[in-house]
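Each chain, written out:
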Amino acid sequence: MPAEVQASVELIARSGGTPLVVAEQRRALGVIHLKDIVKGGMRERFDQLRAMGIKTVMITGDNPLTAAAIAREAGVDDFLVTLRDTFPSPYTFFPGKGTLRA
């Protein structure tokens, strides 16, 4: 993948979006930025749960860069990324702990 396209992919993922590379004949033509919208008031709801002693964890199939950005935006305490497309069996990556578990 050209460096310019790779840079766009990383920028989109780090901002909480999902990069979609458009290609023709294996040649990248550009990158489309897809973005989930965090519902208004979610951060405040998570703050209320935290005040009650409840920890919030987001579980997602997004890539780790996108997941980290969305978790920050939503205000969750931690997040788990399931890597089912990458591994032949259901592994889970725990970013806060830096571990990978089956």
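Predicted model, so just to flag it, every value in this text is computed and none were measured. (Residues numbered from 1 in each chain as written. Predicted model: local features only at pLDDT ≥ 70, side-chain atom pairs only at ≥ 80, totals over all residues. Heavy atoms only, no water.)

## As for the pairing of strand S3 (residues 57–60)
- Alternating positions in S3 separate cleanly, Met58 and Thr60 being buried on one face and Val57 and Ile59 remaining unburied on the opposite face.
- Since S3 and strand S4 (residues 78–82) lie parallel, the crossover through helix H3 (residues 64–74) that links them has a hand, and here it is right-handed. (Buried < 20%, exposed > 50% of the residue type's maximum accessible area, 1.4 Å probe, protein only. Helix = DSSP H or I, 4+ residues; strand = E, 2+ residues; numbered from the N terminus. Right-handed = clockwise from strand over helix to strand, strands pointing away.)

## Quick look at the environment of Gly75
- Within the fold, Gly75 resides in the loop between H3 and S4.
- Remark: the alpha-carbon pair of Gly75 and Met58, spanning 17 residues in sequence, is separated by 9.8 Å.
- Apart from residues lying up to four places away in sequence, Gly75 is in contact with Arg43, Phe46, Arg50 and Thr56. (Contact = heavy atoms within 4.5 Å.)

## Examining the environment of Glu10
- For Glu10, the position within the fold is in helix H1 (residues 3–14).
- Taking the C-alpha atoms as reference points, Glu10 and Thr66, separated by 56 residues in sequence, lie 9.1 Å from one another.

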